[in-house]
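Spelled out from the first residue to the last, the chains are:
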Amino acid sequence: MSGSATIIFKDKGLKKLIEALSGKAPMASVGVLGNKNGRDGEGTNAAIGAKFEFGDAETVRRSFLRVPLTDNLQKYLQEAGLFDEDMFKKMLQTGSLVDYVKKIGIVGVSIVLDGFATGGFGKWKPSIMTYKK
């Protein structure tokens, strides 16, 4: 056999992706953010959230972040199309992860809101508290 074969590798998209991954990674935060007080005398919103997230002697645990996100993130991301080939092509074209990470954050917030709407996806124990109108 004589002759040779030439292989051409077009790496423009790969170079853009490597560039996007080389910089500071974009972040999306989901949770109780900030240090403002939710109610007078009851501590910060984060402290109140932690009380319900983990429970204590006085408060029944109703995880609204860890459990719903752990149980549902993969499914919600899949349903949102974040693993579809078109999504990855768009990342390669733009060379940025910012829009992708923003969408992940939006999905995370949706999970938390759905958790509240469904009683922690059916996992929260009933409350013995009554609310005054």
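Note that the structure is predicted; figures quoted are calculated from it, not measured.

1. Remarks on the overall build of the protein
Item 1. Along the backbone of the protein there are five helices and zero strands.
Item 2. N-terminal to C-terminal, the α/β element order of the protein is α-α-α-α-α.
Item 3. Nonlocal contacts in the protein, meaning residues at least 24 apart in sequence, comprise 51% of its contacts between residues at least 6 apart.
Item 4. With the model as given, the accessible surface of the protein reaches about 10400 Å², and the carbon-plus-sulfur share is 58%.

2. Notes on the side chain of R62
Item 1. The residue R62 is located in the loop between α2 (45-54) and α3 (66-79) in this model.
Item 2. D56 is the oppositely charged side chain nearest to the buried, salt-bridge-free R62, at an N-O distance of 9.5 Å.
Item 3. A distance of 3.1 Å separates a polar side-chain atom of R62 from the backbone oxygen of K125.

3. Side note on the side chain of T59
Item 1. Mapped onto the secondary structure, T59 falls in the loop between α2 and α3.
Item 2. Look at T59 and you get buried, because its relative accessible area is 10%.
Item 3. Ignoring anything within four residues of it in the chain, the contact list for T59 reads K51 and F52.

4. Side note on the environment of D56
Item 1. Relative to the assigned elements, D56 resides in the loop between α2 and α3.
Item 2. Residue classification places D56 among the partly exposed positions, given a relative accessible area of 39%.
Item 3. Here E58 takes part through its backbone nitrogen, which lies 2.8 Å from a polar atom of the side chain of D56.
Item 4. Among the polar contacts listed, one links the side chain of D56 to the backbone nitrogen of T59, at a separation of 2.7 Å.

Reading the values: rules and limits
Within each chain, residues carry numbers counting from 1 in the order of the written sequence. Only residues with pLDDT of at least 70 get local features here, since the model is predicted, and only at 80 or more are side-chain atom pairs given and counted; chain-wide, interface and lining totals rely on the full set of residues. To obtain the side-chain values, all non-hydrogen atoms of the structure were included, while hydrogens and water were left out. Helix and strand assignments follow DSSP, with helices taken as H or I runs no shorter than four residues and strands as E runs no shorter than two, numbered in order from the N terminus. Every residue pair with non-hydrogen atoms within 4.5 Å of one another is taken to be in contact. Each accessible area is a Shrake-Rupley result for a 1.4 Å probe, and residues are judged covered by the shown protein chains and nothing else. We call a residue buried when its accessible area falls under 20% of the maximum for its residue type, exposed when it is over 50%, and partly exposed in between, using a 1.4 Å probe and counting protein chains only. The convention is simple: Lys and Arg are positive, Asp and Glu are negative, and His and the chain ends are not counted. Take a side-chain nitrogen of Lys or Arg and a carboxyl oxygen of Asp or Glu: if they are within 4 Å of each other, that pair is a salt bridge. Pairs of N or O atoms are called polar contacts if they sit within 3.5 Å, as long as, within protein, a hydrogen donor faces a hydrogen acceptor (for residues adjacent in sequence, only side-chain-to-side-chain pairs).

Shape descriptors only; they carry no functional weight alone.
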